[in-house]
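# Structural description and commentary
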Amino acid sequence: MHDASPQAVTTGAEPLEHGLKQRHLTMLGLGGVIGAGLFVGSGAGISVAGPAIVVSYLIAGALAMLVMRMLGEMSAAMPASGSFSVHAERALGRWAGFSAGWLYWFLLVVVLAAEATAAAQIAHGWAPSVPQWGWVLLFMVVFTAANLTAVRNFGEFEFWFAALKVGALVLFLLLGTLAVFGVLPDTEPAGLSHLTGDGGFLPNGWSGVVSGVMVVVFAFGGLEVVTIAAAETADPARAVGRAVRSAVVRILFFYVGSMLVIVTVLPWTAQKAGVSPFVTVLDSIGVPSAGRIMEIVVFVALLSALNANLYGSSRMIFSLAERREAPRGLLTVSGGGVPRRAVLASVAFGFVSVLLNLQWPDAVFAYMLNAVGAVLLFVWALIAVSQLRLRRRIEREAPEALALRMWAFPYLTWAALAAMAAVLVLMLCDDGARPQLLWSAGATGAVLLVSAVREALARRGRPERPAGGAGT
C-alpha cells in the first residue's frame, strides 16, 4: 500500500473513512496546537525572557512553521494516515518509519494521560463529590466512544473545541488592545512603557530570549495531527495544503499577539508563579471572574488535546500495522472505516498511563514524561531529513504532485535542522532540561535498538521488502 514511488502513493487510497471536511481540518490546524501550554505554560517563558518572550515565540513559531511547511509538502504529494512516519520510511528506510511512528505514538499516549489527569483535577474542583478518577474515567469513555463511531464525530468535537479556544483568544486580544490604548473603563493607556521598563525589552539579555525559545518551542507540538487527519478527507492533497497554509500563520499570530498584549498591558514582573498570565491580565483590566473564565478555557483546551491525541495515536499505530511495524490485528476497520482496534489499543495504554499518573505522579509517570520530553524535536528532525530526500525524488518522478512547496528549498530546511540542533544543545547545557533530554535520548535509543534487531531478524528469516513497500 505504501509504495516508495510518489505516483503510486498519490493514486492509492486509505481504507479509512473519508469523513473529515475542510472546516474540520482547518479548525484542527488552528485549535489543535492552542492548549494549556499557551494559556498556562507561557508564564514560565515570560519569567526567563521578560518582554522579549515575543521574540522567543517568533523564533519558535518560525521553526514550527518551517516544519509544517515541509510536512505539508510531503503530505500533499503523498497523503497517508501515518504521515511523517510513512514519509520517513520512504526517505530513509524501515528503521526511520518504525522509530518515528512508535516514538510519536508513545509521546501522544503519555501526554494524553497528563491531559486527562489535569482536566480531571479542574472538574474535581468544580464538583468535589465526584472523585478525580471518576472524571478521568468519564473523559476517556466519552472520547473513546467518539473516536470509535465515525471520524466525523472526532471532527465535530475538535471543530467546536477549537472554535471556543480561538474565540477566547480573539476576545483576549481585543480586550488587551483596548486596555493598551486606555479605551476600557477605569484603565489608563499603557502605551509601550512596559516593553522598555523594568530592565528594558531584554532584561535577561539575548540569553533570556534563547532560554525562552527552549521553554516555548514544545508548545507548538500538535500541529502534526493535521497531516495525519488529511488522509481521511475527500481530497487529501488539496485539504492538507489549505490547512497548512491557513494554520501556521494564524497560529503564529495568536501566540505572538497574545504574548505582545500580556507584556504590554502589565510589567513582565507582575506575572505570578503558578498563575496563568492571561488571568493576571484579565484581572488587571477588571474582567469579572477572570480566573474562572480561563479555567473553563483551559479545561476545554485539555479535553481538545486529549481528543486529538487519541485520534492521532490510533491512526499512527494503524499505519504502523499496515507496514508490518505493529501487530497485524490492529488493521481491523469497521464498516464505517474506523480502525477500532487501533483506537482501543491507544486508549488502553492511555488508561495505564493515567493509573500511573494517579498512583505515582512523581515517580513512574514523571520518568515517562521525561522520556517523551524532547521526542518532538527528534520527530521534527526526521521530518526535515525526510523532506530533503523526498523532495528530489518527487521532482524527478512526479513533479505534478508538488502542490505545496517548501520555501527556499533546501536552505530553509537546513536552517530548521540547525535550529533544532541548537535547541538540543541548549537543553543539554541546562540543568533543568538536561534530564528530560537524556531520558528522551534513552527512549529514542531503545526504539532504534528494537528497530535494528527487527531488521537483523528480517534479513535472516526472509528477503527484505523495499523501504516503504506494501505491508498488506
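So, here's what we can say about the structure. (Residues numbered from 1 in each chain as written. Predicted model: local features only at pLDDT ≥ 70, side-chain atom pairs only at ≥ 80, totals over all residues. Heavy atoms only, no water.)

### Side note on the overall build of the protein chain
Just so we agree on the cut-off: Counting from the N terminus, the helices are the DSSP runs of H or I reaching at least four residues and the strands are the DSSP runs of E reaching at least two. Only protein chains enter the accessibility calculation, which uses a 1.4 Å probe. A residue is then buried if its area is under 20% of the maximum for its type, exposed if over 50%, and partly exposed in between. It only takes one pair of heavy atoms within 4.5 Å for two residues to be counted as in contact.
Looking only at helices and strands, the protein chain features 20 helices and zero strands. Viewed in the frame of its principal axes, the protein chain has a C-alpha envelope of about 75 × 55 × 40 Å. Across the 472 residues of the protein chain, 57% fall into the buried class. Summarising the internal contacts of the protein chain: among those between residues at least 6 apart in sequence, 80% fall at separations of at least 24.

### Examining a nonpolar patch on the surface
So the rule is basically this: Patch members must show over 30% relative accessible area and no salt bridge, and they are joined within 9 Å when carrying like charges or within 5 Å when they are nonpolar side chains of Val, Leu, Ile, Met, Phe, Trp or Tyr. Shrake-Rupley sampling with a 1.4 Å probe provides the accessible areas, and residues are treated as covered by the protein chains on show and by no other component. Each salt bridge in this description consists of a side-chain nitrogen of Lys or Arg and a carboxyl oxygen of Asp or Glu lying within 4 Å of one another.
Taken together, Trp133, Leu137, Val141, Leu355 and Leu358 make up a surface patch of nonpolar side chains, about 500 Å² in accessible area. Elements with a minimum of two residues in the nonpolar patch: α8 (132-149) and α16 (340-359). Broken down by element, the residue count for the nonpolar patch peaks at three residues, all from α8. With respect to the helices and strands, the residue leucine 355 is situated in helix α16. Owing to a relative accessible area of 57%, leucine 355 belongs among the exposed residues under this scheme.

### Describing the nonpolar core
Short version of the rule: To define a nonpolar core, start from buried Ala, Val, Leu, Ile, Met, Phe, Trp, Tyr and Cys residues and group those joined through side-chain atoms within 4.5 Å.
With 155 residues, the main nonpolar core has Phe139 and Trp380 as its most contacted residues. Each residue touching phenylalanine 139, except ones within four places of it in the same chain, is listed here: Ala116, Ala119, Ala120, Ala123, Phe299, Leu303 and Leu306.

### What about the packing of helix α19 (residues 411-429) against helix α20 (residues 434-461)?
The packing of two helices is summarised by the inter-axis angle and the distance between the axes. Operational definition: Each axis is a line fitted through C-alpha atoms, taken for helices only over the stretch in contact, and angles between the N-to-C directions span 0 to 180 degrees. The scheme is simple: roughly parallel for angles under 35 degrees, roughly antiparallel for over 145, roughly perpendicular for 65 to 115, oblique for anything else.
Between α19 and α20, whose axes approach to 6 Å, the crossing angle comes to 120 degrees. On the basis of the axis angle, α19 is oblique to α20. Counting all contacts with α19, which are made through Leu424, Met427, Leu428 and Cys429, the residues of α20 involved are Arg434, Gln436, Leu437 and Leu438.

### Structural notes on empty space enclosed by the protein
Basically, it comes down to this: Buriedness of a pocket was judged along seven lines, with at least five required to meet protein on both sides within 12 Å; pockets are open sets of points on a 1 Å grid over the protein atoms alone, cavities are sets where a 1.4 Å probe fits but cannot get out, and lining residues have an atom within 4 Å of a point. Grid points are joined across faces, edges and corners, and a volume is the space filled by probe spheres set on the points.
This structure, assessed with the given rule, holds one cavity of 30 Å³ or more. Space inside the largest cavity adds up to approximately 30 Å³. Around the largest cavity, the lining residues are Gly61, Ala64, Met65, Phe220, Leu223, Val248, Ile251 and Leu252. Broken down by secondary-structure element, the contributors of at least two residues to the lining of the largest cavity are α5 (53-77) and α13 (236-265).

### Notes on the side chain of arginine 315
Where we set the bar: Here a polar contact means two N or O atoms within 3.5 Å. Within protein one must be a hydrogen donor candidate and the other an acceptor candidate, and residues neighboring in sequence count only if both atoms are side-chain atoms.
Structurally, the position occupied by arginine 315 is in helix α15 (residues 290-322). Using a relative accessible area of 0% as the deciding quantity, one classes arginine 315 as buried. Polar contacts involving the side chain of arginine 315 include one to the side chain of glutamate 232, which spans 2.7 Å. Those residues within four positions of arginine 315 in sequence are excluded, and the remaining contacts are Leu16, Ser81, Val151, Ile228, Glu232, Pro339 and Val343.

### Here we look at α15
One full turn of an α-helix is made of 3.6 residues, so residues set three or four places apart face in the same direction. Quick reminder of the rule: An expected span of 1.5 Å times one less than the residue number is assigned to each helix.
In this model, α15 (33 residues) spans 48 Å end to end at C-alpha, consistent with the 48 Å of a helix rising 1.5 Å per residue. Across the 33 residues that make up α15, a large majority, 28, are buried. Arginine 324 lies just past α15 and shows a positive phi near 60 degrees.

### Re the layout of surface pockets
The line we're drawing: Just so you know the grouping, Ala, Val, Leu, Ile, Met, Phe, Trp, Tyr, Cys and Pro go in nonpolar, Asp, Glu, Lys and Arg go in charged, and all remaining residues, Gly too, go in polar.
There is about 1100 Å³ of room inside the largest pocket. Those elements that provide at least two residues to the lining of the largest pocket are α3 (36-39), α7 (94-126), α11 (205-216), α15 and α17 (364-372). Ranked by residue count, the leading element in the lining of the largest pocket is α7, at seven residues. A breakdown of the residues in the lining of the largest pocket according to their chemical character gives 26 nonpolar, twelve polar and two charged.

### Quick word on the pattern of salt bridges
Inspection of the entire model under this criterion finds 13 salt bridges. For arginine 292, the salt bridge is made with glutamate 295, and the minimal N-O distance between the two is 3.1 Å. Of this pair, arginine 292 and glutamate 295 both sit in helix α15, three residues apart, roughly one helical turn. Glutamate 295 sits in the partly exposed class, given a relative accessible area of 28%. The shortest N-O distance in the salt bridge between arginine 391 and glutamate 395 comes to 2.9 Å. Taken together, the residues span about one helical turn, with arginine 391 and glutamate 395 both in helix α18 (residues 375-397) at a distance of four residues. By relative accessible area, which is 7% here, arginine 391 ends up buried. Here the salt bridges do not stand alone but share partners, grouping Glu73, Arg391, Arg392, Glu395 and Arg405 into one network.

### Focus: the packing of aromatic side chains
Formally: Pairing of aromatic side chains here covers Phe, Tyr and the six-membered ring of Trp, requires ring centres within 6.5 Å, and sorts the geometry by plane angle: under 30 degrees stacked, over 60 edge-to-face, intermediate tilted. Whether a charge lies above a ring is judged from NZ of Lys or CZ of Arg, which has to be within 6 Å of the ring centre and within 35 degrees of the ring normal.
Across all of its chains, the model carries 19 aromatic pairs by this definition. Grouping aromatic residues by their ring pairs yields a cluster made of Phe98, Trp102, Trp105, Phe106 and Phe349. A cation over a ring is seen here: arginine 23 above phenylalanine 159, with NZ or CZ 4.6 Å from the ring centre.

### A few points about the environment of leucine 169
Looking at the element boundaries, leucine 169 is found in helix α9 (residues 151-180). Assessed through its relative accessible area of 0%, leucine 169 is described here as buried. Taking the C-alpha atoms as reference points, leucine 169 and valine 297, 128 residues apart in sequence, are found 9.6 Å from one another. Apart from residues no more than four positions distant in its own chain, leucine 169 is found in contact with Ile34, Leu38, Phe39, Phe254, Ser258 and Phe278.

### Some thoughts on unusual backbone geometry
Cis peptide bonds are those with omega within 30 degrees of zero, and the linkage from phenylalanine 409 to proline 410 qualifies with 0 degrees. Within the secondary structure, proline 410 sits in the loop between α18 and α19. Backbone geometry places serine 289, a non-glycine residue, at a positive phi of 55 degrees. Looking at where serine 289 falls in the secondary structure, it is placed in the loop between α14 (277-284) and α15. In this structure, alanine 408 takes a positive phi of about 45 degrees despite not being glycine. Structurally, the position occupied by alanine 408 is in the loop between α18 and α19. Since its relative accessible area comes to 44%, alanine 408 is described here as partly exposed.

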